[in-house]
Amino acid sequence: MNLRRQLLLDWSVDQSNLLTIRGWTGKEINHIRGLSDSELNSSFSLLLTEFIEPFLHGDDSVQPISGSFQIEGDSINFISRFNFMSGVNYSFVIKEDVENKQFETEFWSIERPLMRSAPSTSILGVYPSGSEIPLNLLKIYVYFSSKMSEGFAARNVQFRDASTSQVIPDVFLPMDPELWDESRTRLTLLLDPGRIKRGLVPNMETGYPLNEGVSVAVTVDKTFQDSTGRNLVDGIQKEFNVGKALRLKVNHIFWKYTIPSIDSFEPFSINFDRPLDRGLLENSLKIVDSQGQYVQGESFVDIGEHSWHLIPKYKWITSDYQLIINPLLEDLAGNSLIRVFDRDVENSNDDPIENNEFSYTFKCVENSS
Amino acid sequence: MTDDLGLNAGSLDIKSVGPIAFGPPGILFVADNANASIFAIEVDDSGDASQEHSVKVDKLDTLIASHLGCPRSEVFIRGMAVSPSSQQTYLSVMRGSGDEGSSAILRIGVAGTISELSLDNVRFSKETISDAADSSDERKEVRLLRGEREGEDVYFGQNKYRVVYDKYRTITVTDMSFVDGTLLVAGASNEEFSSTFRRLEFPFKGSSKNNSLEIYHVSHGKYETASPIRNFRLYNQKKNVVASYTCTPVVNFSVDDFTSDGHVKGKTVAELGSGNTPLGMVSYLHDGEEYILVSNSHYPLMKIACKDINSQDELTEPKEPLGVKRENLPHEGVLQMDNLNGSEVIMLQEDSSGNFNLRSYSTATL
């Protein structure tokens with residue numbers, strides 16, 4: 001095989017049916033420019049590399065790939081009739097010596113990488129979104145902009161030491177299957193409850209998954225694949241300070257309420273005494289009017305999960321409104337309105353509550369103007 | 001500009017290619033199941049019809065793969081039809097699958113040359129199939145395969161089969177035949193009685209006449225209305241339709257049954273064997289007698305005399321009897337078939353090494 005030439009084969013970045021062959025000498029390219037289209041296309045061929053041997057031996061069942069060669073500047077382009085296929089090896093073949101008109105064959109090969117179209121899915125957020133988490137944090141959420149693939153959570157989401165970037169091992173409870181919402185855009189990761197509950201063997205042997213007073217970071221690697229098999233647009237790193245453990249029931253009497261005016265679209269707002277669980281907040285708070293009808297509107301949670309607002313679709317009226325609170329609404333450590341996640345059996349304040357109805361009644365205020 | 005065949009010049013927006021059939025001279029019908037449409041395409045198909053050729057093309061799949069720039073495993077031949085005017089073999093081929101899949105109509109000359117029918121700037125017309133199953137219709141139809149290019153392994157009892165589960169949308173058209181100004185189209189519809197036989201006037205009129213079909217399925221031991229015809233041919237001077245189904249009843253319909261819309265019951269005349277999908281069918285005349293050949297995924301090529309079909313009583317009992325007598329032919333790995341000319345039948349065959357070969361056989365030897 002004559003390998004005098006140092007040709008380079010290059011895939012086009014934006015055209016899936018274009019291969020560029022460069023590295024010709026000035027003399028060669030001048031000669032090629034003198035060729036007619038049909039001479040050009042009979043001198044050069046592109047083949048699948050697996051068909052090179054039979055092609056060189058004159059096997060009639062092997063044809064060059066359908067397409068055409070064109071000269072562009074100092075390079076030759078091959079425009080294929082069909083897009084090149086990922087993972088397939090292609091070869092450029094010269095059947096004729098372009099300098100001396102002697103019939104020889106040379107070929108150069110290149111593999112089409114497993115290319116996919118550009119990533120389009122991004123991370124919408126990592127929750128808790130505040131900067132402090134309790135020592136006994138129970139779970140984190142990762143929200144994505146599109147449907148995701150399963151099987152990537154364990155290797156792509158990590159807790160790391162914020163200063164060294166070292167992965168903190170065994171923080172998450174291994175989950176199989178992974179915990180996804182129905183649209184597979186929200187991933188829930190549980191920290192190992194056995195290490196959070198005092199008195200359980202893992203907690204006694206290896207302690208809490210995180211250490212109080214240190215800075216940690218949750219990282220999501222961009223190789224987490226969406227449902228089309230593509231990477232994310234970008235990864236994310238979110239830092240937290242680990243604070244004290246939190247072992248108190250959520251109690252709505254400590255919340256601060258902002259009551260809207262009658263005949264307005266003002267938001268009804270709640271400031272919590274501590275950050276609450278982002279996922280549960282999505283459907284744990286409802287307002288009904290005195291007729292028992294749900295107040296329609298748009299609710300949202302501020303960054304930090306410290307407050308919740310409802311902007312009504314229709315104006316507030318003169319009515320006894322009632323905020324109905326799901327008893328299972330939790331804070332970041334899994335404490336709900338009815339129980340402490342890691343309860344102290346000696347402390348009667350921690351006893352689970354039987355009552356399952358929690359509400360707050362309010363009347364909208366008269367508009368002072 | 002529209003001519004009397006209703007064709008317009010332009011580029012075809014084909015999403016997938018399926019069964020193909022020749023119509024009036026120079027017109028090729030191409031079913032696009034992903035689009036639930038049938039295209040009528042004008043083909044420049046000059047050739048010499050006076051001389052009867054024979055065809056022998058080895059390693060057809062290598063020829064196609066090298067031309068399309070893909071491995072042989074990514075070549076899926078979905079339809080085959082011989083042009084009556086040139087005796088060239090047309091193939092509808094999918095290159096690759098899923099998002100990377102592309103459609104091509106290839107022409108294999110009698111000498112084995114390959115060329116491609118341009119789908120840009122051609123004259124064509126298009127008929128949309130209004131009662132096709134929606135792409136969200138989750139109903140599926142099993143198709144048993146020869147070889148392992150597609151599909152998955154499943155076990156029915158002790159036996160392993162290679163199967164594909166086709167969504168109903170993808171079997172909107174399973175076979176087509178053009179007769180006296182009408183394109184006959186077998187396939188599946190969006191109805192509960194899904195098996196359907198459509199009649200489309202050509203030039204296309206924007207509508208079709210449809211019959212839902214019911215047959216007695218011998219190996220399943222019951223009357224069925226869902227599974228579509230896999231292959232059909234006209235015989236008996238185009239007065240009858242003979243059709244094959246998966247698992248493998250052969251059914252006779254009278255063309256007179258297809259005169260208005262409504263439900264049509266076929267007459268099951270043969271049971272060729274369970275655990276099988278028929279892959280191709282062709283009818284031919286030899287010495288004044290008419291025959292059909294049925295190629296199968298799991299049985300040999302079978303030959304049936306049409307006069308036996310006409311005289312066969314309807315089968316209405318499970319398993320036995322098997323109906324009209326059939327003869328097994330020795331031709332290896334036959335996939336699709338068509339008439340090359342009046343005296344030769346062409347067969348796409350897969351040999352024991354997995355190569356696809358195109359061969360014609362004199363009807364005198366069948």
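Residues numbered from 1 in each chain as written. Chains lettered and ligands numbered in written order. Predicted model: local features only at pLDDT ≥ 70, side-chain atom pairs only at ≥ 80, totals over all residues. Heavy atoms only, no water.

### Describing the overall build of chain A
Line of reasoning, step 1. Within chain A one finds seven helices and 22 strands.
Line of reasoning, step 2. Scaling as 2.2 N^0.38, a compact globule of 369 residues should have a C-alpha radius of gyration of about 21 Å, whereas chain A reaches 33 Å, well beyond that.
Line of reasoning, step 3. The dimensions of chain A, computed from C-alpha atoms along their principal axes, are 95 × 60 × 35 Å.
Line of reasoning, step 4. Here chain A, with 369 residues, has 46% of them falling under the buried criterion.
Line of reasoning, step 5. Taking the intrachain contacts of chain A between residues at least 6 apart in sequence as the baseline, contacts between residues at least 24 apart amount to 65%. (Helix = DSSP H or I, 4+ residues; strand = E, 2+ residues; numbered from the N terminus. Rg over C-alpha atoms; globule rule 2.2 N^0.38 Å. Buried < 20%, exposed > 50% of the residue type's maximum accessible area, 1.4 Å probe, protein only. Contact = heavy atoms within 4.5 Å.)

### Re the sheet that holds strand E9 (residues 132–133) of chain A
Residues and elements named next belong to chain A.
Line of reasoning, step 1. Overall, mixed pairing links the four strands, which are arranged E9-E15-E14-E11 in an open sheet. Each of the sheet's edge strands pairs with one partner strand only, and the pair in question is E9 and strand E11 (157–161).
Line of reasoning, step 2. Relative to strand E15 (residues 236–242), strand E14 (residues 215–220) runs antiparallel, the two sharing six bridges. By the bridge assignment for E15, Val220 is matched with Ile236. (Pairing = 2+ DSSP bridges.)

### A closer look at the domain arrangement of chain A
Line of reasoning, step 1. According to the domain assignment, chain A consists of domain 1 (8–111), domain 2 (123–242) and domain 3 (252–363).
Line of reasoning, step 2. Taking only C-alpha atoms into account, the centre of domain 1 of chain A sits 50 Å from that of domain 2 of chain A. (Domains from an automatic or database assignment.)

### Examining the pairing of strand E15 (residues 182–188) of chain B
The side chains of a regular strand alternate, residue by residue, between the two faces of the sheet.
All names here are of chain B.
Line of reasoning, step 1. For E15, the tally of buried residues reaches six of seven residues, placing the bulk of the element in the interior.
Line of reasoning, step 2. Hairpin geometry of strand E14 (residues 175–179) and E15 is characterised by an intervening segment of two residues between the two adjacent antiparallel strands and by a positive phi of about 50° at Asp180.
Line of reasoning, step 3. Sheet analysis places E15 next to strand E16 (residues 195–201), joined by seven bridges and oriented antiparallel. Each residue of the ladder has a partner; that of Thr182, found in E16, is Glu201.
Line of reasoning, step 4. Count of turn residues in the E15/E16 antiparallel hairpin: six residues.

### With respect to the pairing of strand E9 (residues 114–117) of chain B
Residues and elements named next belong to chain B.
Line of reasoning, step 1. As paired strands, strand E8 (residues 102–108) and E9 are joined by four bridges and run antiparallel to one another. The residue bridging Leu106 from the neighbouring strand is Glu116, located in E9.
Line of reasoning, step 2. Between E8 and E9, which follow one another and run antiparallel, lie five residues, and Gly112 among them has a positive phi close to 95°.

### Re the sheet that holds strand E8 (residues 123–127) of chain A
All names here are of chain A.
Line of reasoning, step 1. Within the open sheet, the four strands sit side by side as E8-E10-E13-E12. Their pairing is antiparallel. At either end of the open sheet lies a strand with only one pairing partner, and these are E8 and strand E12 (179–180).
Line of reasoning, step 2. Where E8 meets strand E10 (residues 139–144), four bridges bridge the pair, whose relative direction is antiparallel. Its bridge partner being in E10, Gly125 is matched across the sheet by Tyr143.

### So, the interface of chain A and chain B
Interface size is commonly expressed as the accessible surface area that is lost when the partners come together.
Line of reasoning, step 1. Contacts between the two partners involve 18 residues from chain A, matched on the other side by 21 residues from chain B.
Line of reasoning, step 2. Roughly 1,500 Å² is buried in total at the junction of chain A and chain B, and carbon and sulfur atoms are behind 59% of that figure.
Line of reasoning, step 3. The largest share of the area that chain A buries against chain B comes from Ser61(A), Phe82(A) and Met85(A), three residues that together contribute 41% of it.
Line of reasoning, step 4. In this assembly, chain A and chain B are joined by two salt bridges. (Buried area = accessible area lost by both parts, 1.4 Å probe. Salt bridge = Lys/Arg side-chain N within 4 Å of Asp/Glu carboxyl O.)

### Some remarks on the pattern of salt bridges
Residues and elements named next belong to chain A.
Line of reasoning, step 1. Applying the stated criterion across every chain yields a total of 31 salt bridges over all chains.
Line of reasoning, step 2. For the salt bridge of Asp331 with Arg274, the shortest nitrogen-to-oxygen distance reads 2.6 Å. You can see Asp331 sitting in the loop between strand E21 (320–325) and strand E22 (358–363) and its partner Arg274 sitting in the loop between strand E17 (268–271) and helix H7 (278–281), a full 57 residues away along the chain. Across the pair, exposure class does not vary: Asp331 and Arg274 are buried alike.

### Observations regarding the nonpolar core
Line of reasoning, step 1. If you look at the biggest cluster of nonpolar residues, it comprises 56 residues, and the most contacted ones within it are Trp24(A), Phe92(A), Leu60(B) and Ile64(B).
Line of reasoning, step 2. With five residues, the single largest contributor to this core is helix H1 (residues 60–68) of chain B.
Line of reasoning, step 3. Setting aside residues up to four positions removed in sequence, Phe92(A) forms contacts with Leu7(A), Leu9(A), Ile21(A), Trp24(A), Phe44(A), Ser45(A), Leu46(A), Phe69(A), Glu106(A), Phe107(A) and Trp108(A).
Line of reasoning, step 4. In this structure, Ala153(A), Phe159(A), Leu189(A) and Leu332(A) belong to the second largest nonpolar core, which totals 32 residues. (Core = buried A, V, L, I, M, F, W, Y, C linked by side-chain atoms within 4.5 Å.)

### Details of empty space enclosed by the protein
Residue and element names in this part refer to chain A.
Line of reasoning, step 1. This model, assessed by the stated rule, comprises two cavities of 30 Å³ or more.
Line of reasoning, step 2. Roughly 50 Å³ of internal volume is contained in the largest cavity.
Line of reasoning, step 3. Tyr127, Pro128, Lys139, Tyr141, Asp277, Arg278, Asp331 and Leu332 together form the lining of the largest cavity.
Line of reasoning, step 4. Partitioned by chemical class, the residues of the lining of the largest cavity number four nonpolar, no polar and four charged.
Line of reasoning, step 5. Structurally, the lining of the largest cavity is a two-domain feature, drawing no fewer than three residues from each of domain 2 (123–242) and domain 3 (252–363). (1 Å grid on protein atoms, 1.4 Å probe; cavity = no way out; pocket = protein on both sides within 12 Å on 5 of 7 lines; lining within 4 Å. Points joined across faces, edges and corners; volume = space filled by probe spheres on them. Nonpolar A, V, L, I, M, F, W, Y, C, P; charged D, E, K, R; others polar.)

### A look at helix H1 (residues 26–33) of chain A
Residues and elements named next belong to chain A.
Line of reasoning, step 1. Of all the positions in H1, only Glu28, Ile29 and Ile32 are classed as buried. Seen from one end, H1 has its buried residues packed into an arc of 95°, which puts them on one side. Counted as exposed and oriented over 90 degrees from the buried face of H1: Lys27 and Asn30.
Line of reasoning, step 2. Contact partners of the buried residues in H1: helix H2 (37–43), strand E3 (44–48), strand E4 (67–72) and strand E5 (75–80). (Arc of directions from axis to C-beta.)

### Details of the packing of aromatic side chains
Line of reasoning, step 1. Using the criterion set out here, one finds 38 aromatic pairs over all chains in the structure.
Line of reasoning, step 2. Measuring from centroid to centroid gives 5.6 Å for Phe253(B) and Phe258(B), while their planes differ by 45°, and the two rings are tilted.
Line of reasoning, step 3. Three or more aromatic residues link up through ring pairs in this structure, and these residues are Trp11(A), Trp24(A), Phe44(A), Phe69(A), Phe78(A), Phe84(A), Tyr90(A), Phe92(A) and Trp108(A).
Line of reasoning, step 4. The aromatic ring of Phe356(B) is capped on one face by Arg149(B), whose charged end is 4.2 Å from the ring centroid.
Line of reasoning, step 5. Note that Lys303(B) overlies the ring of Tyr291(B), its terminal NZ or CZ placed 4.7 Å from the centroid. (Phe/Tyr/Trp six-rings, centres within 6.5 Å; stacked < 30°, edge-to-face > 60°. Lys NZ or Arg CZ within 6 Å of the ring centre and 35° of its normal.)

### Concerning the environment of Gly47(B)
Residue and element names in this part refer to chain B.
Line of reasoning, step 1. Looking at the element boundaries, Gly47 is found in the loop between strand E4 (37–42) and strand E5 (56–57).
Line of reasoning, step 2. Considered as a pair, Gly47 and Gly273 are 226 residues apart in the sequence and their alpha carbons are 40 Å apart.
Line of reasoning, step 3. With residues near it in sequence (within four places) discarded, Gly47 still touches Ser85 and Ser86.

### Observations concerning unusual backbone geometry
Most peptide bonds adopt trans geometry, and most residues besides glycine take a negative phi value.
Line of reasoning, step 1. Here Tyr127(A) and Pro128(A) are connected by a cis peptide whose omega angle stands at 10°.
Line of reasoning, step 2. Structurally, Pro128(A) can be placed in the loop between E8 and E9.
Line of reasoning, step 3. In this chain, Phe202(B) is followed by Pro203(B) through a cis amide linkage whose omega measures 0°.
Line of reasoning, step 4. You can see Pro203(B) is positioned in the loop between E16 and strand E17 (209–217).
Line of reasoning, step 5. A positive phi angle, near 60°, is found at Gln87(B), a position not held by glycine.
Line of reasoning, step 6. Accessibility expressed as a relative area gives 2% for Gln87(B), which makes it buried.
Line of reasoning, step 7. Phi angles above zero are rare outside glycine, and Lys238(B) is one such case at about 65°.
Line of reasoning, step 8. Residue position: Lys238(B) is located in the loop between strand E19 (231–235) and strand E20 (240–244).

### A look at a nonpolar patch on the surface
Residue and element names in this part refer to chain A.
Line of reasoning, step 1. Together, Phe265, Phe300 and Ile311 make up a nonpolar patch on the protein surface, roughly 260 Å² of accessible area in all.
Line of reasoning, step 2. Relative to the elements of secondary structure, Phe265 occurs in the loop between strand E16 (256–258) and E17.
Line of reasoning, step 3. With a relative accessible area of 44%, Phe265 lands in the partly exposed category. (Patch = residues over 30% accessible without salt bridge, like charges linked within 9 Å, V, L, I, M, F, W, Y side chains within 5 Å. Areas by Shrake-Rupley, 256 points an atom, 1.4 Å probe, with all protein chains shown as cover.)

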